[in-house]
Amino acid sequence: MTTHADRIPAFQTGTWTIDPVHSDVSFVVRHLGVTRVRGTFDHVEGTIVTAEDPLKSQVNAVIKTTSVNTRNDMRDDHVRTADFLDVENHPEMTFTSTGIRAEGDVYLIDGDLTLRGVTRPVTLETEVGGFGPGMQEGHTVAGFSASTEISRTDFGVTGGAAGAAVSDKIKITLDIEAGLS
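Thresholds, definitions, all that
- Residues numbered from 1 in each chain as written.
- Predicted model: local features only at pLDDT ≥ 70, side-chain atom pairs only at ≥ 80, totals over all residues.
- Heavy atoms only, no water.
- Helix = DSSP H or I, 4+ residues; strand = E, 2+ residues; numbered from the N terminus.
- Buried < 20%, exposed > 50% of the residue type's maximum accessible area, 1.4 Å probe, protein only.
- Pairing = 2+ DSSP bridges.
- Core = buried A, V, L, I, M, F, W, Y, C linked by side-chain atoms within 4.5 Å.
- Contact = heavy atoms within 4.5 Å.
- Salt bridge = Lys/Arg side-chain N within 4 Å of Asp/Glu carboxyl O.

Lay out the environment of Ala 82 in plain terms, naming residues and giving numbers.
Within the secondary structure, Ala 82 is located in the loop between α2 (73–79) and β7 (92–103). Ala 82 gets classed as partly exposed once you look at its relative accessible area, which sits at 48%. Residues Ala 82 and Gln 12 lie 70 residues apart in sequence; the distance between their C-alpha atoms is 42 Å.

Structural data, given as structure tokens:
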């Protein structure tokens, strides 16, 4: 009988610490319904605990909303205001997994996303990149890619007057490298 662990090349159990230098949290939102505006959150931290049964693994992540970066200082300053992320009152968004399901080679990580003090369930469609040796002797790394789409208004992100120019749907993509703790 093949287990989920057998289907993931070089799968290893353990507690993994997200490497913020080699990880990327990005988002895409439509502007005026015709173009895509892209951005990143430049500070992410957290842990991934891989269990013998990968479906019993866990993920906890914290993203600093103050680290939003759309490559435009004026826009970034506006996104940090109460119209959007309200970083003064909500300097972090968090994700805590509540379960993992498999659909073929894709893993669906269900969890609670908290943004602006509002918690909603989301599902991350996740691909396991693999497990292998890191750059330092004896260091092991793991890679994961995930994506989801959220409704900003579900989290109280209205956008103020500018909200009419920005789509409600936001696509979030994560490329995570983590080191075995």
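Please set out unusual backbone geometry residue by residue, giving values where relevant.
For Ala 10, which is not glycine, the phi dihedral falls at a positive 60°. By secondary structure assignment, the location of Ala 10 is in the loop between α1 (4–7) and β1 (14–18). A positive phi angle, close to 55°, is found at Arg 116, a residue other than glycine. By secondary structure assignment, the location of Arg 116 is in the loop between β8 (106–115) and β9 (118–133). Arg 116 gets classed as buried once you look at its relative accessible area, which sits at 19%.

Would you mind going over the pairing of strand β5 (residues 58–64) in detail, with residue names and values included?
Of the strand pairs in this sheet, strand β4 (residues 44–50) and β5 are connected by six bridges, and their pairing is antiparallel. Each bridged residue has a counterpart across the sheet, and for Val 49 the counterpart in β5 is Gln 58.

Can you tell me about the nonpolar core, naming the residues and giving the values?
Ranked by internal contacts, the top residues of the largest apolar core, which has 42 residues, are Phe 41, Ile 48, Leu 85, Leu 115, Phe 131, Ile 150 and Leu 174. Looking at this core element by element, the count peaks at six residues for strand β11 (residues 166–180). Beyond its immediate stretch of four places on either side in the chain, Leu 115 contacts Thr 65, Leu 85, Met 93, Ile 150, Phe 155 and Val 157.

Kindly report on the pattern of salt bridges, identifying the contributing residues and their values.
What the rule picks out here adds up to three salt bridges. Its salt-bridge partner being Glu 92, residue Lys 64 comes within 2.6 Å of it at the nearest N-O pair. Note that Lys 64 is positioned in strand β5 and Glu 92 in strand β7, a separation of 28 residues in sequence. Given the relative accessible area of 22%, Lys 64 is considered partly exposed. The class of Glu 92 is partly exposed, set by a relative accessible area of 35%.

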